[in-house]
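# Working through the structure, step by step
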Amino acid sequence: NWAKVYEDGQSLRAETGFSGSGTPGAEYGAEASRAVWRVALDYLLFPGEAGEAVAFLDPVAANLETRESGGNWDESLRVDGNCLVESIHPGWSSNMFMAGPTFTSLVCPSNSVDSGRQQE
């Protein structure tokens, strides 16, 4: 959801633990899913200028691809140890305020998901 980012010499570091919405700062919740939507919208509106959009959305699309079977969505998404997310908001796939923005990651061509599978 939210992270405070600090410059630390030549690198960046971040920490969570605060949130204005009541969602834990380290949980993939409504605010985090809207970040996916914003990047997907940038890609759709300005594809020539959204070079980083593919890199940002690709892991989301790859994760979604592994969580769908026969049109049904697994209630859990994988949490990658390389980021600050520690949990996923329960019921993410049935709450359209989260599912809709998360699914927009599929509008951008993915390097990790076969294009035919991505369009199913």
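Residues numbered from 1 in each chain as written. Predicted model: local features only at pLDDT ≥ 70, side-chain atom pairs only at ≥ 80, totals over all residues. Heavy atoms only, no water.

### Some details on the overall build of the protein
Helix and strand content of the protein: four helices and six strands. When its helices and strands are written in sequence order, the protein yields β-β-β-α-α-β-β-β-α-α. Long-range pairs, those at least 24 residues apart, make up 48% of the contacts in the protein between residues at least 6 apart in sequence. (Helix = DSSP H or I, 4+ residues; strand = E, 2+ residues; numbered from the N terminus. Contact = heavy atoms within 4.5 Å.)

### Remarks on helix H1 (residues 30-45)
The end-to-end C-alpha distance of H1 is 22 Å, a good match for the 22 Å that 16 residues give at a rise of 1.5 Å each. Of the positions making up H1, those classed as buried are Ala30, Glu31, Ala32, Ser33, Val36, Val39, Ala40 and Tyr43. Where H1 is buried, its residues meet strand E3 (27-28), helix H2 (51-66) and helix H3 (96-103). (Expected span 1.5 Å × (residues − 1). Buried < 20%, exposed > 50% of the residue type's maximum accessible area, 1.4 Å probe, protein only.)

### Some remarks on the nonpolar core
One finds Tyr28, Leu57, Leu77 and Trp92 to be the most contacted residues of the largest nonpolar core, which totals 16 residues. Broken down by secondary-structure element, the contributors of at least two residues to this core are H1 and H2. Those residues in contact with leucine 57 that sit more than four places away from it in its chain are Val36, Val39, Ala40, Ser105 and Cys108. (Core = buried A, V, L, I, M, F, W, Y, C linked by side-chain atoms within 4.5 Å.)

### Considerations on the packing of aromatic side chains
Counted by the stated rule, this structure contains one aromatic pair. Between the aromatic rings of tryptophan 92 and phenylalanine 103, the centroid separation amounts to 5.7 Å while the plane-to-plane angle is 65°, which identifies the pairing as edge-to-face. Of this pair, tryptophan 92 sits in the loop between strand E6 (87-88) and H3 while phenylalanine 103 sits in helix H3, and the two are 11 residues apart along the sequence. For tryptophan 92, a relative accessible area of 0% corresponds to the buried category. Judged by relative accessible area, phenylalanine 103 falls into the partly exposed class, the value being 22%. (Phe/Tyr/Trp six-rings, centres within 6.5 Å; stacked < 30°, edge-to-face > 60°.)

### Observations regarding the confidence of the model for the protein
Summing up the model confidence of the protein, the mean pLDDT is 79 and the portion of residues at 70 or higher is 82%. Averaged pLDDT values for the elements of the protein fall to 72 in helix H4 (residues 115-118) and rise to 88 in H1. (pLDDT = per-residue confidence, 0-100.)

### A word on a nonpolar patch on the surface
Taken together, the side chains of Trp37, Leu41, Leu44, Leu45, Phe46 and Val107 present a nonpolar region at the surface, about 560 Å² in accessible area. Relative to the assigned elements, leucine 41 resides in helix H1. Overall, leucine 41 belongs to the partly exposed group, its relative accessible area being 30%. (Patch = residues over 30% accessible without salt bridge, like charges linked within 9 Å, V, L, I, M, F, W, Y side chains within 5 Å. Areas by Shrake-Rupley, 256 points an atom, 1.4 Å probe, with all protein chains shown as cover. Salt bridge = Lys/Arg side-chain N within 4 Å of Asp/Glu carboxyl O.)

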